[in-house]
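# What the coordinates show
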Amino acid sequence: MSLLPILRYPDPRLHIKAKQITHIDAGIRQLAADMAETMYAAPGIGLAATQVDHHIRMVVIDVSEEKNQLLTFINPEILERSGECQGEEGCLSVPGVYETVTRAEQVRVRAQNLAGETFELAADGLLAICIQHELDHLDGKVFVEYLSRLKQDRIKTKLTKQVKHHERVIA
Ligand code: NI
């Protein structure tokens, strides 16, 4: 297993729409394992393949306290959304930024697992928010796009400066 580099907003590759996975092979299983390791190490509660520059429809999520309830979603789709809730979100691709986003309170999702079996899951609370956040990544959408244009520009400026500063330090 290995840690994967995470793309940082405003990297344009975060806006690539991910493709369906047609065949779950050893490469997909290895990527899923590496994504889980990368998510736990970050630490984060979810990671989409898009964020590690693989533009295929797979996400890993673990919202448990003990970090022992790993969920892998392949070709996930939201079948139903209901209710509305607001929560503060962050993203491993947008370090240091936390903003309130309005989402559906409950979702019903269908996906495949690593064995290729189709399953359905009803989620609410943090898991529902995380599923919506990660599925957005697969469609090339980063959570800051729910914010005002002004806030988005401020975040872009802040993160671009951080990258430049970082490059200067390591040069
Ligand atoms: Ni994210």
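Pairing is antiparallel across the open sheet formed by five strands, whose spatial order is β1-β2-β3-β6-β7. Bordering the open sheet on either side are β1 (46-48) and β7 (118-124), each of which pairs with just one other strand. Looking at each pair of strands side by side, their axes are set apart by 40 degrees on average, direction ignored. Here strand β3 (residues 71-82) runs beside strand β6 (residues 106-112); their pairing, made up of six bridges, is antiparallel. If you follow Arg 81 over to β6, its bridge partner there is Val 107. With respect to the sheet, helix α1 (residues 26-41) is in contact with β1, β2 (58-61) and β3, its orientation differing from that of β2 by roughly 40 degrees.

Protein ligation of the nickel ion involves Cys 91 (SG), His 133 (NE2) and His 137 (NE2), the donor distances falling in the range 2.1 to 2.2 Å. Counting the intervening residues between successive donors of the nickel ion yields the motif C-x41-H-x3-H. In this pair, Cys 91 is assigned in strand β4 (residues 85-91) and His 137 in helix α2 (residues 125-138), connecting sequence segments 46 residues apart. Residue class for Cys 91 comes out buried when judged on its relative accessible area of 10%.

Of the consecutive residues Tyr 9 and Pro 10, the connecting peptide bond is found in the cis state with omega at 5 degrees. By the element assignment, Pro 10 lies in the segment before α1. In this model, Ala 42 is joined to Pro 43 through a cis peptide bond whose omega is -5 degrees. Looking at the element boundaries, Pro 43 is found in the loop between α1 and β1. Of note, Asp 53 is a non-glycine position whose phi angle comes to about 65 degrees, a positive value. Take Asp 53: it is sitting in the loop between β1 and β2.

Rules behind the numbers
- Residues numbered from 1 in each chain as written.
- Predicted model: local features only at pLDDT ≥ 70, side-chain atom pairs only at ≥ 80, totals over all residues.
- Heavy atoms only, no water.
- Pairing = 2+ DSSP bridges.
- Helix = DSSP H or I, 4+ residues; strand = E, 2+ residues; numbered from the N terminus.
- Axes fitted to C-alpha atoms, helices over the stretch in contact; angles between N-to-C directions.
- Contact = heavy atoms within 4.5 Å.
- Donors = N, O, S within 2.8 Å, 3.2 Å for Na, K, Ca; no water.
- Buried < 20%, exposed > 50% of the residue type's maximum accessible area, 1.4 Å probe, protein only.

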